[in-house]
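# Per-entry structural report
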Amino acid sequence: MTATHSLLVSSLRLGYGDRTVIESLDLTLPPGKITAIVGANACGKSTLLRSMSRLLAPRAGHVLLDGREVHKMPAKELARTLGLLPQSPVAPEGITVSDLVGRGRNPHQRLLSRWSREDDAAVAAALDATHTADLADRSVDELSGGQRQRVWIAMALAQQTDLLLLDEPTTFLDVSHQVEVLDLLTDLNRNRGTTIVMVLHDLNMAARYADHLIALADGKLHAAGEPSAVLTEDCVRAVFGLDSQVITDPTSGKPLMLPLGRHHVAITRP
Amino acid sequence: MSTSLSPTLAAVTGSRVRRSRRRALVIGLLATLVVAAYGVNLMVGETFYPPSEIWRVILGETVPGASFTVGELRLPRATLAALAGFCFGMGGVTFQTMLRNPLASPDVIGITSGASAAAAFAIVVLGLTETGVSAFAIGAGLAVAIIVYTLSFRDGVAGTRLILIGIGIAAMLDSATAYVLSQAAQWDLQQAQRWLTGSLNGATWDETAQVALALLVLGPLLLGQARNLFMLQLGDDTAAALGVRLERTRIVVIVAAVGLLAFATAATGPIAFVAFLSGPIAARIIGSAGSLLVPAGLVGALLVLVADLIGQYAFDIRYPVGVVTGVLGAPYLVYLLIRTNRAGGSL
Ligand SMILES: Nc1ncnc2c1ncn2[C@@H]1O[C@H](COP(=O)(O)OP(=O)(O)OP(=O)(O)O)[C@@H](O)[C@H]1O
Ligand SMILES: [Mg+2]
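Below you will find a few notes about this structure. Being a predicted model, the structure only gives us computed values, none of them experimental. (Residues numbered from 1 in each chain as written. Chains lettered and ligands numbered in written order. Predicted model: local features only at pLDDT ≥ 70, side-chain atom pairs only at ≥ 80, totals over all residues. Heavy atoms only, no water.)

At 1.9 to 2.2 Å from the magnesium ion (ligand 2) lie its protein donor atoms, namely S46 of chain A (OG) and Q87 of chain A (OE1). Taken together, the residues span a long stretch of sequence, with S46 of chain A in helix α1 (residues 45-52) and Q87 of chain A in the loop between β6 (82-85) and α3 (97-102) at a distance of 41 residues. (Donors = N, O, S within 2.8 Å, 3.2 Å for Na, K, Ca; no water. Helix = DSSP H or I, 4+ residues; strand = E, 2+ residues; numbered from the N terminus.)

This is the structure we're talking about:
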């Protein structure tokens, strides 16, 4: 069982150049839980994740991990506690899968330390968990989008952090691999107590797999809480500008959002 | 602890051990080739001297003929070739790795051109000698690195923009070098060739010692960043998320690499394309396992030693080493430009 860590954001303002992307945001990420962040394109989800893992310094406010300012923590110490899988990572040309996954061990290694047995074990466990062991000696360039995505997730797993932030981990995956990745993250959460924070575009997957759902609109918090409380027709309209019907998913008991576009809708609109 | 390993763990360990053995083997092989090429450069020339006589010269004995030819001419020349080649290779692959683009090599983006122009200016106009020339070259190399970097910086460095700006600045600096040389009181063709293409003619022990010292001080500094540099291949965000301090790494690495390049350039001129070719050649033979700094340094040393041998003895006319490496490097540059154009369409 890993320790639970508190991660919270207070009066956070983020931006690039002279534009502000996130304006005064307050959030608490529940420790030991799975949190999903949803919101329209360009609303600042990736920006928020990057700031929580100290890649982007706040314009104002704080990101606090266990009460400590993330941006003042030693880089490697933070990287042993909190991992981030960026939205579209780039693999260097010709790198093999096991080499890429092995680089997730960087924060655990010292300048002159040799590669250890734990490093090998962590890489092997990450490959097994993501079903990429049979790809280990292949070059990352020649994998399919979905295989590549799983390899990147394996790299983040090899980092063995108690908190894991993932930016759209299921993009590029077919439906069965999406479910597999989300099941894998749930296993990680349940078996090891890893706190998971992920950006997802599929609201129904988010509602099903998350304990805690955060809806962002234009860099501001629209709603946060239990998926059944957050994922409502009003919320979908406010966040995405889309009419929808939200019913209860008979298979999970979680909310299920059915979009109402301009075509193929057989009911009378609310 | 269980004694039966999982098959995945066994495979991971096995392939890691295989890769590091292969890496050690390739580095050992490259080092052997460098030593062999160094030896040949000492033996071959107008007169052939066997290894036994060369060894006696190195031990400080007086050997008629060989003491001067080998001790005063060939030894400093070959030593400077190896050291400068190592500096170019290491400095070049540093930039290529940090900017994640083989085109972002210091001899393409103007850093060696800057060092060269400054060195020519320091000698021809200011009449400075070794230390002053090196200081000028380093200052100019750093200045160019900073200028190219800031000009192309817009919320993260864009590769193509940086390279285009760098190529433009390199062209400007090269014409500045040509202008400065045209102002020289005594027109010296060898000197001119040296600052435009790089040459080992007239290599002295003083110059060689300067480059050796630079390598001794800056080499370890750069090697200390090898792991961080290696992580930067994954992109800034991923590297930072894995505990790399980007700004600090960049500063240390740029200062150390520019220092190496500038010292080498001050001694030999900008030997064309060695910085540009060494990294990709090293990557091709060693794969993605581990840092490329030392392999690229060895490839650089080998390139300069072999090119100097070819330039001096393969043709009726003696060509400066930079002409030979230029002929080797130009087709690769064209190939990369064509490939970039096809892939990105952003050029
Ligand atoms: N490096 C950058 N420089 C300048 N602006 C940026 C940068 N990265 C993002 N932005 C801008 O910040 C805003 C928020 O971007 P962000 O990537 O956080 O959105 P997102 O919510 O993750 O969107 P998506 O769902 O498309 O991934 C956008 O308007 C984007 O153009
Ligand atoms: Mg995003």
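When the parts of a complex come together, some accessible area is lost, and that lost area is often taken as the interface size. With 28 residues of chain B in contact, the opposing surface of chain A contributes 41 residues. The contact between chain B and chain A buries some 2700 Å² in all, and 55% of this surface belongs to carbon and sulfur atoms. Looking only at chain B, the three residues that lose the most surface to chain A are R227, L234 and L242 of chain B, adding up to 23% of its buried area. Linking D120 of chain A and R16 of chain B is a salt bridge whose minimum nitrogen-to-oxygen distance equals 2.4 Å. For the pair chain B and chain A, the number of links is nine residue pairs in polar contact (both at pLDDT 80 or more). Secondary structure elements with two or more residues in the side of chain B that touches chain A: α1 (7-43), α9 (226-232) and α10 (236-241) of chain B. The element contributing the most residues to the side of chain B that touches chain A is α1 of chain B, with seven residues. For the side of chain B that touches chain A, the residue count by class is 11 nonpolar, 10 polar and seven charged. (Contact = heavy atoms within 4.5 Å. Buried area = accessible area lost by both parts, 1.4 Å probe. Salt bridge = Lys/Arg side-chain N within 4 Å of Asp/Glu carboxyl O. Polar contact = N/O pair within 3.5 Å; in protein donor to acceptor, adjacent residues only side chain to side chain. Nonpolar A, V, L, I, M, F, W, Y, C, P; charged D, E, K, R; others polar.)

Before going further, it helps to spend a moment on the nonpolar core. Ranked by size, the top nonpolar core spans 171 residues in total, and within it L7, L48, M52, V101 and M198 of chain A together with F95 of chain B carry the most contacts. In terms of residue count, helix α3 (residues 66-98) of chain B provides more of this core than any other element does, 16 residues in total. Not counting chain neighbours up to four residues away, the residues in contact with M198 of chain A comprise I34, T35, A36, I37, L166, P169, L182, L185 and Y209 of chain A. Membership of the second largest hydrophobic core comes to 14 residues, among which are A115, A120, A137 and A266 of chain B. (Core = buried A, V, L, I, M, F, W, Y, C linked by side-chain atoms within 4.5 Å. Buried < 20%, exposed > 50% of the residue type's maximum accessible area, 1.4 Å probe, protein only.)

If you check the shell around ligand 1, you find 15 residues, and the closest are N41, A42, K45, S46 and T47 of chain A. Residues close to ligand 1 are split across chains A and B. R19 of chain A places a side-chain nitrogen or oxygen 3.0 Å from an oxygen atom of ligand 1. A distance of 3.0 Å separates an oxygen atom of ligand 1 from a polar side-chain atom of H201 of chain A. Computed on the free molecule, ligand 1 has an accessible area of 630 Å², of which 70% lies beneath the protein chains in the complex. Breaking the shell around ligand 1 down by element, the ones donating at least two residues are β2 (19-29) and α1 of chain A. The biggest single contributor to the shell around ligand 1 is α1 of chain A, with three residues. (Near = heavy atom within 4 Å. Areas by Shrake-Rupley, 256 points an atom, 1.4 Å probe, with all protein chains shown as cover.)

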